[in-house]
Amino acid sequence: MDALRVAPTQPPLLRLHPLRKMAICPFSPRPRSRPFFVAATLSTPPEAAHSLAAAVVEDLAPVAPPRPRVSPDSLQYPPGYVGAVPNRSRSDGRDGTINAMNYLTNILSSKVYDVAIESPLQLAPKLSGRLGVKVWLKREDLQPVFSFKLRGAYNMMAKLPREMLDKGVICSSAGNHAQGVALSAKRLNCSAVIAMPVTTPDIKWKSVEALGATVVLVGDSYDEAQAYAKKRAVEEGRTFVHPFDHPDVIMGQGTIGMEIVRQMQGPLHAIFVPIGGGGLIAGIAAYVKRVSPQVKIIGVEPTDANAMALSLHHDQRVILDQVGGFADGVAVKEVGEETFGICKELIDGVVLVNRDSICASIKDMFEEKRNILEPAGALALAGAEAYCKYYGLQGENIVVITSGANMNFDKLRVVTELANVGRKQEAVLATVMPEEPGSFKQFCQLVGQMNITEFKYRYNSNKKAVVLYSVGVHTVSELRAMQEKMESSQLKTFNLTESDLVKDHLRYLMGGRSNVQNEVLCRFTFPERPGALMKFLDSFSPRWNISLFHYRGEGETGANVLVGIQVPKNEMDVFHERANRLGYDYKVVNNDDDFQLLMH
């Protein structure tokens, strides 16, 4: 609830903790009709590994021209479908063999095991039985910092000459990369500065500080923290350790692919890999596709953070105009240049999954191994399950990277609420019935023996009533049969299970109908920091009246807020100007069908 804490509206840009140290595809099963996509071309092979002597400056070189900004919603396809498949029918004539050998030899000779473990490859018997395939879990969540990020950070830092290590390293991160750099610096006996946004929860920056690094809380976003880190790298001669877009980082992550090839007994159909900036999947593909080219490398992204899928779709790197923060470990607006080049050349496509599916996979992992993955850590598992169902895969071996377990405890509430929805074991429905004696009893009789987990009703008019409820279901056909039973009794029933607006807000606002004049309904994403609410109010109040406010925190990644603001039509341009200047992601939802059903 930090976002709702009243604080000065302009927090300091740079905040130092007083106690802190200051250091100077051919997918054959079950054919289906597929949507049309723009195909990507074969990548120019990435350049040889950057000179270590230029490690500080390489990320500061100017980039041209500006990349297109796109919406995550502009590319969506069914869960489990492998989209964004690179088109390798064309070639630019350049030979990537030398670079491929460079990646292979460096992965084979990596020193990551000075700090990382060879993570186990474990069979998931419950999931395997349910899906009809053998699901193998590559347990990167068991690393010393509970994430794979340690590998890439250490591999890059261990290659630095002693004189560069003596000058220190610096990185920007709000999570797993920070811990990887901090532990690597401790092992290599060099100083590390970690720039983290001021929104970073205490538990995360304290974990980094406990590893011996100097933590600087700076800026309101990751971009501001990164700008600070790169500037300070130049000023102090420190090496900037990129979280994903550096050959040595990619090679470090590639050791996971090497281990899978060594550990896997028998033929392997596919490896499912979560994608953020692309370092993990690029590294795994760089190794596996060279030694076992028949194995599919399939990336998995959230539907609201699909930067790699969109980049492959447009055949160039793009920037997302906004990015969903639930799976914060992969909430990246722009993939790396090196990682994109490798992915264009080697991966087999990208599966997209929604928040509900990720929550279901977190529950699956808990029931399987009694471990709780973070959302990004469960992403590949959600994608693998959707893929197996979509293509009707049977009897094959698949590997899933469980990439991290640094779960923010505050998110568990959301996970428990949505896990059964993601498993298709719970549905959110709305039924319209006449407002007359006996209607409620008739409704209950029609529901019959189905398990109702939530029920919301409030009198609104003399003509009709709307009941919002959740039911436990076992099969899709069971749910369909209940809906048909309702419809046959002239009770119109709507399935709202896929609506995030309903699940996050409207289910809690039943009975709150009001005919408010000039009401603009918006979904805002508030940053989780003190003063966020006052900054919002300073933008809109007292000029316009706030008519509705519903806050749903999701931990450090921010809060989903449904806001009603009374804005006359002739002032809408001013409203949008102020909303854009505020800098919070937002969307006007007045015309949403579910809102019209439940609230008007």
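Structure shown above.
Notes on the structure in this doc start here. Model, not experiment: these values are computed from the prediction.

Topic: the sheet that holds strand β10 (residues 296-302)
Phase 1: Here we have six strands laid out as an open sheet, ordered β3-β4-β13-β9-β10-β12, and mixed in their pairing. Each edge of the sheet is formed by a strand with only one pairing partner; in this case those strands are β3 (121-123) and β12 (350-353). Neighbour-to-neighbour, the strand axes of this sheet turn through a mean angle of 30°, independent of strand direction.
Phase 2: In terms of strand pairing, strand β9 (residues 270-274) meets strand β13 (residues 397-402) through three bridges, oriented parallel. The residue bridging A270 from the neighbouring strand is I398, located in β13.
Phase 3: On the sheet, helix α9 (residues 279-291) packs against β9, β10 and β13 and is oriented at approximately 170° with respect to β10.

Thoughts on helix α7 (residues 222-236)
Phase 1: Between its first and last C-alpha atoms α7 spans 21 Å; for 15 residues at 1.5 Å apiece the expected length is 21 Å, and the two agree.
Phase 2: Considering only its buried residues, α7 is in contact with β5 (169-172), β6 (192-196), β7 (214-218) and β8 (239-240).
Phase 3: In the stretch just after α7, G237 is the one whose phi turns positive, near 75°.

Details of the environment of G392
Phase 1: Considering the arrangement of structural elements, one finds G392 in the loop between α13 (375-391) and β13.
Phase 2: Taking the C-alpha atoms as reference points, G392 and V133, 259 residues apart in sequence, are found 10.0 Å from one another.

Notes on empty space enclosed by the protein
Phase 1: Its volume calculated, the second largest cavity comes out at about 30 Å³.
Phase 2: Taken together, L127, L131, V135, L381, A384, E385 and I398 make up the lining of the second largest cavity.
Phase 3: Secondary-structure elements contributing two or more residues to the lining of the second largest cavity are α2 (125-131) and α13.
Phase 4: With three residues, α13 is the largest single contributor of residues to the lining of the second largest cavity.
Phase 5: Of the residues that constitute the lining of the second largest cavity, the class distribution is six nonpolar, no polar and one charged.

Let's talk about the packing of aromatic side chains
Phase 1: Counted according to the given criterion, the structure contains 18 aromatic pairs.
Phase 2: Here F526 and F536 contribute two aromatic rings whose centre-to-centre distance is 5.1 Å and whose plane-to-plane angle is 45°, an arrangement assigned as tilted. You can see F526 sitting in strand β18 (residues 519-526) and its partner F536 sitting in helix α18 (residues 532-540), a full ten residues away along the chain. Take F526 and F536: they sit in the same class, and that class is buried.
Phase 3: Put simply, the rings of F524, F526, F536, F540, W544, F549, F575, Y584 and Y586 pair up and form one aromatic cluster.

So, how was this worked out
Residues numbered from 1 in each chain as written. Predicted model: local features only at pLDDT ≥ 70, side-chain atom pairs only at ≥ 80, totals over all residues. Heavy atoms only, no water. Pairing = 2+ DSSP bridges. Helix = DSSP H or I, 4+ residues; strand = E, 2+ residues; numbered from the N terminus. Axes fitted to C-alpha atoms, helices over the stretch in contact; angles between N-to-C directions. Contact = heavy atoms within 4.5 Å. Expected span 1.5 Å × (residues − 1). 1 Å grid on protein atoms, 1.4 Å probe; cavity = no way out; pocket = protein on both sides within 12 Å on 5 of 7 lines; lining within 4 Å. Points joined across faces, edges and corners; volume = space filled by probe spheres on them. Nonpolar A, V, L, I, M, F, W, Y, C, P; charged D, E, K, R; others polar. Phe/Tyr/Trp six-rings, centres within 6.5 Å; stacked < 30°, edge-to-face > 60°. Buried < 20%, exposed > 50% of the residue type's maximum accessible area, 1.4 Å probe, protein only.

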